[in-house]
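Results of the structural survey
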Amino acid sequence: MDNRKMRRILLTVAISSLAFLFCTAQPVVRTTIDKSEILIGEQFKLKVQANFSGDDYFIKWIALPDSMQHFELVEKSKIDSVFTNQKLSGLTQTFTLTSFDSGKWTFPSYNINFNPAKDDTTITMFTDSLPVTVAFSVADTTSALKDIKAIKEVEVFNPLWYWVAGGALIILLLALIYWWYRTKKKSKTPVQSVSKLSPFEEAMQEIDKLKNFDLSEPKDIKQYHTKLIEIYRQYLSRKENTDYSNKTTGDMLIAIKSNYAATDILDKSAAALRFSNAVKFAKYVPLPSDSENNQRLIKDTIRLIESSPSK
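I will try to describe carefully the structure that is included in this document.

About the cut-offs
- Per-chain numbering applies: the sequence of each chain, read as written, is numbered from 1 onward.
- Under the rules for a predicted model, residues below a pLDDT of 70 receive no local features and side-chain atom pairs below 80 are neither given nor counted, while totals for whole chains, interfaces and linings still include all residues.
- For the side-chain quantities, the full set of heavy atoms in the structure was used; hydrogens and water were omitted.
- Remark: nonpolar core denotes a set of buried residues (Ala, Val, Leu, Ile, Met, Phe, Trp, Tyr, Cys) joined through side-chain atoms within 4.5 Å.
- Under the scheme applied here, a residue whose accessible area is under 20% of the maximum for its type counts as buried, over 50% as exposed, and between as partly exposed, the area being computed with a 1.4 Å probe on protein chains only.
- For the purposes of this entry, the term helix denotes a DSSP run of H or I that reaches at least four residues, the term strand denotes a run of E that reaches at least two, and both are numbered from the N terminus.
- In protein, a polar contact means a hydrogen-donor-capable atom and an acceptor-capable atom, both N or O and within 3.5 Å, with residues adjacent in sequence counting only if both atoms are side-chain atoms; elsewhere, any N or O pair within 3.5 Å suffices.
- By definition, residues are in contact when any of their heavy atoms lie within 4.5 Å.
- DSSP bridges decide pairing: two strands pair if at least two such bridges lie between them.
- By definition, no residue in a patch forms a salt bridge, and every one has over 30% relative accessible area; like charges are joined within 9 Å, nonpolar side chains (Val, Leu, Ile, Met, Phe, Trp, Tyr) within 5 Å.
- Using the Shrake-Rupley algorithm and a 1.4 Å probe, accessible areas are obtained, with residue cover drawn only from the displayed protein chains.
- By definition here, a salt bridge exists when the distance from a side-chain nitrogen of Lys or Arg to a carboxyl oxygen of Asp or Glu is within 4 Å.
- Here the expected span of a helix is defined as 1.5 Å times the quantity of residues minus one.
- The directions from the helix axis to the C-beta atoms are what the arc is built from.

Observations concerning the nonpolar core
Ranked by internal contacts, the top residues of the largest apolar core, which has 26 residues, are V48, I62, L64, M68, F95, L97 and F107. Those elements that provide at least two residues to this core are β3 (43-51), β6 (71-76), β8 (87-98), β10 (111-116) and β12 (130-135). Ranked by size, the runner-up nonpolar core spans 25 residues in total, among them I207, L215, Y232 and I302.

This is the structure we're talking about:
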């Protein structure tokens, strides 16, 4: 085999390898700040950007607390979506921070979770730890020194009238509160309506009402998937006598895995919840047929729970 043929083979292998790497690209997280040196109380901006394929991953975004060691969160922008060829390709958010501790500090890193759409293995990536120097302002030595002012006598006043006025206002306020308490009508506690339907019947009835949404309108699509997940949460809450309304998707899946032996229940729940989360939080706009398939998936999951024994 001559050198020319060998070079062609090596070039073909290299191009194929690069194409494979681009097709299986992993998510990328970038972190930048606009200032690495600030004065005490001065603000700086931290920008976090994640590049990923919206078709391949569902993302759990960074959760930055209001207060960190040596740093305070002043403001955070909304999460902006990045689209390439009309497909979600990334998210970005800017945080405004400050510090009141002088010294050289390292801004901590925080994790971002990427949940593959076709795999249950979560990819966890971290933002960069960035150095920030916080210093006092430099004294101005160019200004001329000024003479010390003479001692000024402090005016003495009698604070008695302030105490009398304050006491009178407090008495008046207490009298108004007492009058309001004596004259107001007792409000009746509203009676919460309890559905006479079983959890399964109520869920099926509410799912059937979703046909009133227009799945060609983006606003209706988001409300459709929000309502669909609310129906599933309400069904599980009534079925298990446990409040699922404030559980995250991860907590719901852990509870479902613990409560039901059938693995299909967990798989179908994970697929349906992650699809609806992509619509709600990542601004993914699915086709009407995809939304209807997700509705049928929730419906089948509820039927499967009804027919499956608990652990």
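Some points on the side chain of T127
Residue position: T127 is located in the loop between β11 (123-126) and β12. Judged by its relative accessible area of 6%, T127 is buried. Of the polar contacts made by the side chain of T127, one reaches the backbone nitrogen of Y110; its length is 2.9 Å. With sequence-adjacent residues up to four places away left out, T127 is seen in contact with V29, T31, V48, I62, P108, S109, Y110 and I112.

Describing the pairing of β12
Only one face of β12 is covered, namely the one carrying L130, V132 and V134; the face carrying P131, T133 and A135 has none of its residues buried. By the bridge criterion, three bridges tie strand β2 (residues 37-39) to β12 in an arrangement that is parallel. By the bridge assignment for β12, L39 is matched with A135. Relative to β12, strand β9 (residues 103-107) runs antiparallel, the two being bridged by five bridges.

Observations concerning a nonpolar patch on the surface
Nonpolar side chains collect at one region of the surface, where I170, L173, L174 and I177 lie side by side and expose about 410 Å² of accessible area between them. Within the fold, L174 resides in helix α2 (residues 160-183).

Focus: α2
Between its first and last C-alpha, α2 extends 35 Å over 24 residues, near the 34 Å set by a 1.5 Å rise per residue. Of all 24 residues in α2, zero are buried; the element is thus mostly exposed.

Observations concerning helix α7 (residues 288-307)
Residues spaced three or four apart along an α-helix point in a common direction, a consequence of the helix completing one turn every 3.6 residues. Helix length check: α7, at 20 residues, gives a terminal C-alpha distance of 29 Å against a target of 28 Å (1.5 Å per residue), a fit within 8%. Residues S291, N294, Q295, I298, K299, T301, I302 and I305 constitute the buried set of α7. End-on view of α7: buried residues confined to an arc of 155°, all on one side of the axis. Those residues of α7 that are buried lie in contact with α3 (199-209), α4 (218-240) and α6 (263-281).

Read these as geometric descriptors, not functional statements.
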